[in-house]
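Letter by letter, the chains look like this.
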Amino acid sequence: IELDTPAKPDPETMGFAYPLPPVAFAFRNERRFPPPTDDDMLREMYRLVQLGLTSNMYRSSQILAIIYEHINRNKRDSPGWQRAFFKAGGAQKLFQLWRRPEEPL
């Protein structure tokens, strides 16, 4: 059985519907926002836990809200932010805060 090769479409008659050649997978799915590295997450969490929660510059409730937003930002980065929180000593700081609540405004 002899099959005819499909004719290549003429770009003049096809216009914008001209079929494009396939693009490699790596070029198709380039991430706009790549995940932060473990070092970046640890650096940010250390700054929030060790510096933010110990200074009187901000209320601890505000710092805890920022930490909560980092951990619950998305499904992909959440485990990394949780690991960074524990590595930065966040659990110990939480126990200290529960023993010493802040004064109301």
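Each remark here, short or long, concerns the structure printed above.
Structural notes, computed from the coordinates. Please read these numbers as outputs of a predicted model, since none were measured by experiment. (Residues numbered from 1 in each chain as written. Predicted model: local features only at pLDDT ≥ 70, side-chain atom pairs only at ≥ 80, totals over all residues. Heavy atoms only, no water.)

Another aspect to go through is helix α3 (residues 38-52). Taking 1.5 Å of rise per residue, the 15 residues of α3 would be expected to cover 21 Å, and the 20 Å separating its terminal C-alpha atoms lies within 8% of that figure. Turning to α3, its buried residues number three or more, namely M41, M45, L48, V49 and G52. Mapping the buried residues of α3 onto a view down its axis gives an arc of 115°, with all of them on the same face. Across α3 from its buried face, at more than 90 degrees, point the exposed residues D39, R43 and L51. Its buried side turned inward, α3 meets α4 (60-71), α5 (78-87) and α6 (90-99). (Helix = DSSP H or I, 4+ residues; strand = E, 2+ residues; numbered from the N terminus. Expected span 1.5 Å × (residues − 1). Buried < 20%, exposed > 50% of the residue type's maximum accessible area, 1.4 Å probe, protein only. Arc of directions from axis to C-beta. Contact = heavy atoms within 4.5 Å.)

A few words now on the pattern of salt bridges. Pairs can form between side chains of opposite charge whenever their charged atoms are close. Evaluated as defined, the whole model comprises four salt bridges. Between D38 and R83 there is a salt bridge, and its shortest N-O distance comes to 3.8 Å. You can see D38 sitting in helix α3 and its partner R83 sitting in helix α5, a full 45 residues away along the chain. Where D40 meets R43, a salt bridge forms, and the shortest distance between an N and an O atom there is 3.0 Å. With D40 and R43 both in helix α3, this residue pair falls three residues apart, about one helical turn. Judged by relative accessible area, which is 36%, D40 ranks as partly exposed. (Salt bridge = Lys/Arg side-chain N within 4 Å of Asp/Glu carboxyl O.)

Relative to each other, α3 and α4 sit at 160°, their axes nearing to 10 Å. Classified by the interaxial angle, the pair formed by α3 and α4 is roughly antiparallel. As for how α3 packs across α4, the hand of that crossing is left-handed. Contacts between α3 and α4 involve E44, M45, L48, V49 and G52 on the former and, on the latter, I63, I66, I67, H70 and I71. Across the contact of α3 with α4, the residue classes tally to seven nonpolar, two polar and one charged. (Axes fitted to C-alpha atoms, helices over the stretch in contact; angles between N-to-C directions. Parallel < 35°, antiparallel > 145°, perpendicular 65-115°, else oblique. Left-handed = near helix turned anticlockwise from the far one by under 90°. Nonpolar A, V, L, I, M, F, W, Y, C, P; charged D, E, K, R; others polar.)

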